[in-house]
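Listed below are the residues making up each chain.
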Amino acid sequence: MRSKLLRGLLLVVILLVAIFGLLAILAEPAEPHPFFTTGPPRPWVIAHQGGDGLWPGNTMFAFENAAELGVDVLETDMHSTADGVLVLMHDATVDRTTDGSGRINDMTLSELKELDAGHDWTPDDGQAYPFRDQGITIPTLDEVFTAFPDHLFNIEIKQAEPSVADPFCQKIREHGLADQVLVASFGQDALDEFRQVCPEVATSTGETDGIKLLVLSKLLLEAVHSPRAQAVQAPEERYGLRVLTPRTISASHNRGMEIHAWTINESDDMQRLLDMGLDGLITDRPDRMLALLDR
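Report follows, based on the coordinates. (Residues numbered from 1 in each chain as written. Predicted model: local features only at pLDDT ≥ 70, side-chain atom pairs only at ≥ 80, totals over all residues. Heavy atoms only, no water.)

Of the two faces of strand β5 (residues 181-184), the one carrying V181 and V183 and the one carrying L182 and A184 are both buried. As paired elements, strand β4 (residues 152-157) and β5 share four bridges and run parallel to each other. Bridge pairing in β5 places I155 opposite V183. In this view, the connection linking β4 to its parallel neighbour β5 by way of helix α6 (residues 165-174) has right-handed handedness. Taken together, the two bridges between β5 and strand β6 (residues 202-203) define a ladder with parallel strand orientation. What sits directly across from V183, in β6, is T203. Regarding topology, helix α7 (residues 188-197) serves as the crossover connection from β5 to the parallel β6, and that connection is right-handed. (Buried < 20%, exposed > 50% of the residue type's maximum accessible area, 1.4 Å probe, protein only. Helix = DSSP H or I, 4+ residues; strand = E, 2+ residues; numbered from the N terminus. Pairing = 2+ DSSP bridges. Right-handed = clockwise from strand over helix to strand, strands pointing away.)

Here the focus is the packing of aromatic side chains. Counted by the stated rule, this structure contains nine aromatic pairs. On the numbers, 5.0 Å between centres and 75° between planes, the contact of F35 with F36 is edge-to-face. (Phe/Tyr/Trp six-rings, centres within 6.5 Å; stacked < 30°, edge-to-face > 60°.)

What follows covers empty space enclosed by the protein. If you roll a probe as big as a water molecule over the atoms, it shows you where there is empty space left. Under the definition given, this model contains one cavity of 30 Å³ or more. In terms of lining, the largest cavity is formed by I157, Q159, A160, S163, V164, A165, A190 and E193. (1 Å grid on protein atoms, 1.4 Å probe; cavity = no way out; pocket = protein on both sides within 12 Å on 5 of 7 lines; lining within 4 Å. Points joined across faces, edges and corners; volume = space filled by probe spheres on them.)

This part takes up the pairing of strand β7 (residues 231-234). Residues of β7 alternate between two faces, with A231 and Q233 on one and V232 and A234 on the opposite face, all of them buried. Sheet topology places β7 next to strand β10 (residues 258-261); four bridges connect them, and they run parallel. If you follow Q233 over to β10, its bridge partner there is H260.

A full pass over the atoms with the stated rule returns one disulfide. With a sulfur-sulfur separation of 2.1 Å, C169 is cross-linked through a disulfide to C198. Where C169 bonds to C198 through sulfur, the torsion about that S-S bond is close to 80°, and the disulfide is right-handed. One end of the pair, C169, is in helix α6; the other, C198, is in the loop between α7 and β6, with 29 residues separating them in the sequence. Taken individually, C169 and C198 each receive the classification buried, so the pair is uniform in this respect. (Disulfide = S-S within 2.5 Å.)

As structure tokens, this is what we get:
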């Protein structure tokens, strides 16, 4: 009886090993994409909202100053207006950052352009508001693409409805930036739709993609994973679990994906994560990371 049980267990182990081997052979790593293969040397300084810790984020003022600093990638967030114009703002409403109130989807571009996008930015918890009444407005995607034709962009799709996949892809193609844009989203459906509409543009992992890779890396099984993304973008911790570890970084690289951490603002944290082998950091304080890299 015992020998039969051992033979049965051995057969199961052999079968599992064979299945794993077959899946590993069939699984393809992420294909190299020009966004990464022709980009600047790593690690990348990715200016979150153009550097929201230095000036009003997601504004032309922020992007101009971040580019002047010498950041590698301009990171931003995208919504659409009531009249279908793609604009750059983090929140679904204008309440937190401007002198207005309401949902972006319910406002026209002309209504948004009347708002002061520097109104609520403060460096000292409300003691001063140095960018009020300076003519800083909410930018459109068109305006930013036109102003920075040679830059790399990391753009997060914020809204699920109405879909922005088609107009977003059209704008990327219209400006000839298919090799200069990396698209992200917390909404897996929005990300999947964009991939279908615009397969030539690089994407990062969505939440579902990221969880799958994290679980497989913990089990040392990432070899069976065929990524749909070219990059992993994740916080150091999520839901009480440590996400960014040497194992996760190794697993991402093994599957042909670069890995970036968000949102890292303190110099000590930056150095610690870079020492782990990350390819880039998304940060509100690109000045600190540039100083750390002696750039």
